[in-house]
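Residue-level structure breakdown
So the chains spell out like this:
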Amino acid sequence: MPPGRKNNWFDFSALMGASGLRLLLSRRDDQNGGQPLAQHREILGRELGFSQGDLAVPHQVHGTQVDWADDGRVYPQTDGLLAANPEPVLTLQVADCAPVFLYHAPSRTRGLVHAGWRGLAGGILAAAADHLRHRDIGMGQVAAVIGPVIGPECYQVGPEVAAQFDTRFLTTNPDGSYQLDLPGVVRFRLEEIGVRAENIAAAGICTKCDSRCHSYRRDGQRAGRMVAFFYEQG
Ligand SMILES: [Zn+2]
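Across its full length, the protein chain carries 7 helices and 15 strands. Against the 2.2 N^0.38 benchmark of 17 Å for 234 residues, the protein chain shows a C-alpha radius of gyration of 17 Å, consistent with a compact globule. With 234 residues in all, the protein chain has 43% of them scored as buried. Taking the contacts inside the protein chain whose residues are at least 6 apart along the sequence as the reference set, 60% of them involve residues at least 24 apart.

What helix H6 (residues 182-192) keeps buried is the set Leu182, Pro183, Val185, Val186, Arg189 and Leu190. The buried residues of H6 all sit within an arc of 155° when viewed along its axis, so they share a single face. Phi turns positive one or two residues past the end of H6, at Gly194, with a value near 110°.

The sheet built from 6 strands is open, its strands ordered E1-E2-E15-E7-E3-E5 with mixed pairing. The two strands at the open ends of the sheet, each matched to only one other strand, are strand E1 (9-11) and strand E5 (74-75). Across 2 bridges, the pairing between strand E3 (residues 55-58) and E5 is parallel. Each residue of the ladder has a partner; that of Val57, found in E5, is Val74.

Another aspect to go through is the sheet that holds strand E14 (residues 200-202). Sheets are built from strands that pair by backbone hydrogen bonding, the pairs being arranged parallel or antiparallel. With mixed pairing, the 6 strands of this open sheet are ordered in space as E4-E6-E9-E8-E10-E14. In this open sheet, the two edge strands, each paired with only one partner strand, are strand E4 (66-68) and E14. Within this sheet the neighbouring strands show an average axis-to-axis angle of 15°, counted without direction. Where strand E10 (residues 142-146) meets E14, 3 bridges bridge the pair, whose relative direction is parallel. Looking at E14, one finds that Ala144 is bridged to Ile200.

So, on to the nonpolar core. One finds Phe101, Ala128, Ala144, Val186 and Ala228 to be the most contacted residues of the largest nonpolar core, which totals 67 residues. If we skip the residues at most four places from it in the chain, Ala228 touches Leu24, Leu25, Thr91, Leu92, Val94, Pro99, Leu112 and Gly147.

Our next topic: the pairing of strand E15 (residues 226-232). Buried residues dominate E15, accounting for 6 of its 7 residues. Taken together, the 5 bridges between strand E2 (residues 21-26) and E15 define a ladder with antiparallel strand orientation. In the strand pairing of E15, Leu24 is matched with Phe229.

You will see that Gln77, though not glycine, has its phi angle at about 50°, which is positive. Among the secondary structure elements, Gln77 is positioned in the loop between E5 and strand E6 (80-83). The backbone of Arg108 shows a phi angle near 55°, a positive value even though the residue is not glycine. Relative to the helices and strands, Arg108 resides in the loop between strand E8 (98-104) and strand E9 (109-115). Judged by local crowding, Arg108 falls into the partly exposed class, with 15 C-beta atoms found within 10 Å.

Further remarks concern the pairing of E10. With 5 of 5 residues buried, E10 lies mostly within the body of the structure. Going residue by residue along E10, you find Val142, Ala144 and Ile146 tucked away on one face and Ala143 and Val145 tucked away on the opposite face as well. Note that E8 and E10 share 5 bridges and pair antiparallel. When the bridges of E10 are listed, Val100 appears paired with Ile146.

Criteria and thresholds
Residues numbered from 1 in each chain as written. Predicted model: local features only at pLDDT ≥ 70, side-chain atom pairs only at ≥ 80, totals over all residues. Helix = DSSP H or I, 4+ residues; strand = E, 2+ residues; numbered from the N terminus. Rg over C-alpha atoms; globule rule 2.2 N^0.38 Å. Buried ≥ 20, exposed ≤ 12 C-beta atoms within 10 Å, placed from the backbone. Contact = placed C-beta atoms within 7 Å. Arc of directions from axis to C-beta. Pairing = 2+ DSSP bridges. Axes fitted to C-alpha atoms, helices over the stretch in contact; angles between N-to-C directions. Core = buried A, V, L, I, M, F, W, Y, C linked by C-beta atoms within 7 Å.

Written as structure tokens, this is what we have:
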């Protein structure tokens, strides 16, 4: 575990099954909920021993853009970062959407993707796979960890969102709304791009049910964001 406020981190490193990797997600922290996210991210990073210049930060827009992060800086208009070298610490902010950690052990390539309904419907995981294939990285050797995400019982959506997804991921409510199985969609899309089922692990945590998580659906506009950090331990 990182030093400092040990209880304020989820640690999913063991789920990846690769040594020397850290997959962390900050927990809900009411004391820090009021400060700007950039400042909060910097404090969290410092806790792990990183300066701001080490952090690769995507300015997320619920889109499908994925970029290679060569160093620690801000990446505009992107919802996923990939790193082929060990230096940049990949970060991501979430509150109900899934953080998806990707790792190709032979090339030590990391990826961290923001998977909400818009990104998934638009093909953000396919975009990540395209980038990897262009560098001759076969998806059959990529492992994936799905972080905390809003669960099917807690994620009510309207017909316009439901229309974006296969009916197998939807349950119809009496009032005509739907429940969307977002973690199921993430897993399906990962397999669709070539990640083997046995190489996919999930935290199995619903952000709305679990009070350790920030949840937009639970807390609305005042919801904070959890910050994911994905890095190689030096
Ligand atoms: Zn739930």
